[in-house]
Amino acid sequence: MKNVFWLIVGIGAGFVVAHEVNKTQSGKRFFTELDSRIKEFTDTVGDAYKEREAQLRDTAEAVAERAEDVIDDLTK
């Protein structure tokens, strides 16, 4: 319980400090650049996820087609 208290205090203190830093010109620049980098990172991760998902879907479709061919050959 003590650890949870300190975690909440730390999060609250972090928000207060971030709010105060954001009031300065250099703080605004910092958070703008941070936001830009985070957006770029999340876009890259999202694109990579979609690409990998498409690869796996293509592989699954190929395996399913091959399985159907094998089943057809066995039933002849």
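Use the structure listed above.
Residues numbered from 1 in each chain as written. Predicted model: local features only at pLDDT ≥ 70, side-chain atom pairs only at ≥ 80, totals over all residues. Heavy atoms only, no water.

Draft legend 1. Here's a closer look at the overall build of the protein. Looking only at helices and strands, the protein has two helices and zero strands in total. In terms of C-alpha radius of gyration, the protein reaches 26 Å, well past the compact-globule figure of 11 Å for 76 residues. Here the protein holds 76 residues, and the buried ones make up 1% of them. Summing over all exposed atoms, the protein offers an accessible surface of approximately 7100 Å²; the carbon and sulfur share of this is 63%. For the protein, the distance from the average site of its 11 positive side-chain charges to the average site of its 15 negative ones is 13 Å. (Helix = DSSP H or I, 4+ residues; strand = E, 2+ residues; numbered from the N terminus. Rg over C-alpha atoms; globule rule 2.2 N^0.38 Å. Buried < 20%, exposed > 50% of the residue type's maximum accessible area, 1.4 Å probe, protein only. Areas by Shrake-Rupley, 256 points an atom, 1.4 Å probe, with all protein chains shown as cover. Lys, Arg positive; Asp, Glu negative; His and termini not counted. Charge placed at Lys NZ, Arg CZ, Asp CG, Glu CD.)

Draft legend 2. Up close: a negative patch on the surface. Among the surface-exposed residues, D58, E61, E65, E68, D69, D72 and D73 lie close enough to one another that they form a single negatively charged patch. Relative to the assigned elements, D72 resides in helix α2 (residues 25–75). Here D72 falls in the partly exposed class, since its relative accessible area comes to 42%. (Patch = residues over 30% accessible without salt bridge, like charges linked within 9 Å, V, L, I, M, F, W, Y side chains within 5 Å. Salt bridge = Lys/Arg side-chain N within 4 Å of Asp/Glu carboxyl O.)

It is worth stressing that arrangement in space is one thing and function is another; only the former is reported here.
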